[in-house]
Amino acid sequence: MRKIKKTIVVSLTISCLFVVSILLAQQVKETKKVIFQEDFSKVVAWKLYKADGAEMKVVSSKNNDVPTLKIDYDLRTKDWVAIEKSVDLILKDNNALMFKMSATGNKNHFEIKIIDKDGSIFGNKISLPTAGWQNVVINLDEFEYWWGGDDKLDSVVKIGFAVSKKDGGKGSIEISNLEIVEVTKKVKQLLPGVLDDFETKQRWSVFSSDNAEIVLNNLPGKDGNSLVVEYDLGDREGSWVAFEKSYKLDFSKDKTIRFWIKAEGEINRVEFKVIDQDGSIFGLKYEDLTSQWEEIKISVDELEYWWGGDDKLTKPIKIGFAVSSIDGGKGKIWLDNLKLTK
């Protein structure tokens, strides 16, 4: 009798697990509506472009029987190689582009681009992964306007990928399971006083001097994700990189700005900036940051007037950071938990 009871219990357990797995599969299927899919079984539809002197070969390959697009490239001393495919898509705010990728070779940047009917190019730049296959998910609002046409995304006529120079040289990239899907967006409520938890890098605008480079990423940090800024100032005196974002700000004199920060790489100057509506720029500079997390606290009345507009901070609209050259070269800045408190 005990044996029969055990058998019944095991059977019921297996049945329940089977039903649960079916329900979960249905739930996943229902919440992921695919509006575009590319399985890379044929690569002839992808057009190749490259800077003069760079080399590139694109072939169809497989990873565990899943078709992949394989790009072998050699940038040499040049800047980029790229591929594009014609599509006919109307994208919405709740769309996301998803794919899997792996990379070997030198450290370079990987660019994902969408091009609309009037030639506007929107993109997202990431560092090439170095630890096997990784999932990449980019929400539509994480694509930044780069150039061409205007800054409004119309119907999309091309999707593209590019490798741009960081270290240059040779490498290989494999991409699989490219999809554009509809996603259900959950509005995340920040805690009182938190301006940015840096869980995503969206809405940050980046700038740099000639021959300097900057890439924004999200990686695990002090609390959840942090904003990681990779930069290369080269060896030119006066080189800089900068990034800024718009916020709704109330800078009463009793307010304090707080954020966590750490730095890696060559010794350079990190600048915190507040930009007023009339173009006035206020800020503070830091030259002694370390690789250990440190909380910076800035009373609003400590901010120094630097340039632009007038010397009154009346209607702040943006917060920004910059790295300017002391030793130059490469480094990283990690940021987390930007707050405005009393």
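Above this text is the structure in question.
Draft legend 1. Expanded view of the nonpolar core. Judged by nonpolar contacts, the single largest core of 38 residues is most densely connected at Leu 69, Phe 99, Phe 110, Ile 112, Phe 161, Ile 173 and Ile 175. Dropping the residues within four chain positions of it, Ile 173 is found in contact with Leu 69, Lys 70, Ile 71, Tyr 73, Met 101, Ser 102, Ala 103, Phe 110, Leu 128 and Val 163. The next biggest cluster of nonpolar side chains, apart from the first, holds 37 residues, and it includes Ile 214, Val 274, Val 323 and Leu 338.

Draft legend 2. Highlighting the pairing of strand β24 (residues 330-341). Burial runs high along β24: 9 of the 12 residues are buried. Pairing between strand β13 (residues 194-196) and β24: 2 bridges, direction antiparallel. What sits directly across from Asp 196, in β24, is Leu 338. With 9 bridges joining them, strand β18 (residues 256-265) and β24 adopt antiparallel strand pairing. Considered in β24, the bridge of Ile 261 is made with Leu 335.

Draft legend 3. Expanded view of the side chain of Ser 280. Within the secondary structure layout, Ser 280 lies in the loop between β19 (269-276) and β20 (281-286). You can call Ser 280 buried: its relative accessible area is 0%. A distance of 2.8 Å separates a polar atom in the side chain of Ser 280 from the backbone oxygen of Asp 310. The residues contacting Ser 280, other than those within four sequence positions of it, are Val 274, Ile 275, Tyr 305, Trp 307, Gly 308, Gly 309, Asp 310 and Lys 312.

Draft legend 4. Here's a closer look at the environment of Asp 141. Within the secondary structure layout, Asp 141 lies in the loop between β9 (134-139) and β10 (144-147). The partly exposed category is assigned to Asp 141, whose relative accessible area is 34%. Considered as a pair, Asp 141 and Lys 92 are 49 residues apart in the sequence and their alpha carbons are 9.5 Å apart.

Draft legend 5. Inspection of the sheet that holds strand β7 (residues 109-116) at higher detail. The strand order across the open sheet formed by 6 strands is β2-β5-β11-β7-β8-β10, and the pairing between neighbours is antiparallel. The open sheet has two edge strands, β2 (47-50) and β10, and neither has a second partner. Ignoring strand direction, the axes of neighbouring strands in this sheet form an average angle of 30°. Of the pairings in the sheet, the one linking β2 to strand β5 (residues 80-89) comprises 4 bridges and is antiparallel in character. Its bridge partner being in β5, Tyr 49 is matched across the sheet by Ala 82.

Draft legend 6. Quick look at the pattern of salt bridges. Counted by the stated rule, this structure contains 11 salt bridges. As a salt-bridge pair, Lys 166 and Glu 230 come within 2.9 Å of each other at their nearest N and O atoms. Residue Lys 166 is found in the loop between β11 (156-164) and β12 (170-182), and its partner Glu 230 is found in strand β16 (residues 225-232); the two are separated by 64 residues along the sequence. Judged by its relative accessible area of 21%, Lys 166 falls in the partly exposed class. Under the relative-accessibility criterion, Glu 230 is labelled buried at 14%.

Draft legend 7. Seen up close, the packing of aromatic side chains. If you walk through the whole model with that rule in mind, you get 17 aromatic pairs. Arranged with centres 5.9 Å apart and planes meeting at 35°, the rings of Phe 40 and Trp 46 form a pair that is tilted. Given the relative accessible area of 0%, Phe 40 is considered buried. Note on Trp 46: relative accessible area 4%, which makes it buried. Ring geometry for Trp 306 against Trp 307: centres 5.8 Å apart, planes inclined by 20°, an arrangement best described as stacked. Judged by its relative accessible area of 18%, Trp 306 falls in the buried class. Taken together, the ring pairs connect Phe 198, Trp 204, Phe 243, Tyr 247, Phe 259, Phe 272 and Phe 321 into an aromatic cluster. Just above the ring of Trp 334 sits the side chain of Lys 262; from NZ or CZ to the centre is 4.6 Å. One residue, Lys 285, lies across the ring of Trp 306, its end atom 5.3 Å from the ring centre.

How each quantity is defined
- Starting afresh in each chain, residues are numbered from 1 along the sequence in its written order.
- Selection of residues for local features in this predicted model requires a pLDDT of at least 70, selection of side-chain atom pairs for listing and counting requires 80 or more, and totals for whole chains, interfaces and linings are taken over all residues.
- Heavy atoms from the whole structure form the basis of all side-chain values; hydrogens and water molecules are not counted.
- By nonpolar core is meant a set of buried Ala, Val, Leu, Ile, Met, Phe, Trp, Tyr and Cys residues that side-chain atoms within 4.5 Å join together.
- The buried label applies to any residue whose accessible area, calculated with a 1.4 Å probe on protein chains only, is under 20% of its type's maximum; exposed applies above 50%, and partly exposed to all values in between.
- Here, residues are in contact when the closest pair of their heavy atoms is within 4.5 Å.
- Helical segments are the DSSP runs of H or I of at least four residues, strand segments are the runs of E of at least two, and each set is numbered from the N terminus.
- Any two strands with at least two DSSP bridges between them are considered paired.
- Identification of polar contacts relies on pairs of N or O atoms within 3.5 Å, with a donor-acceptor requirement for protein atoms, meaning one able to donate a hydrogen and the other able to accept it, and with residues adjacent in sequence counted only if both atoms are side-chain atoms.
- Working convention: axes come from line fits to C-alpha atoms, limited for helices to the stretch in contact. Angles between N-to-C directions cover 0 to 180 degrees.
- Salt bridges are defined by distance alone: a side-chain nitrogen of Lys or Arg within 4 Å of a carboxyl oxygen of Asp or Glu.
- Think of it this way: a Phe, Tyr or Trp ring, Trp meaning its six-membered ring, pairs with another when their centres are within 6.5 Å, and the plane angle makes it stacked under 30 degrees, edge-to-face over 60, tilted otherwise.
- Cation placement over rings: the criterion is NZ of Lys or CZ of Arg within 6 Å of the ring centroid and within 35° of the ring normal.

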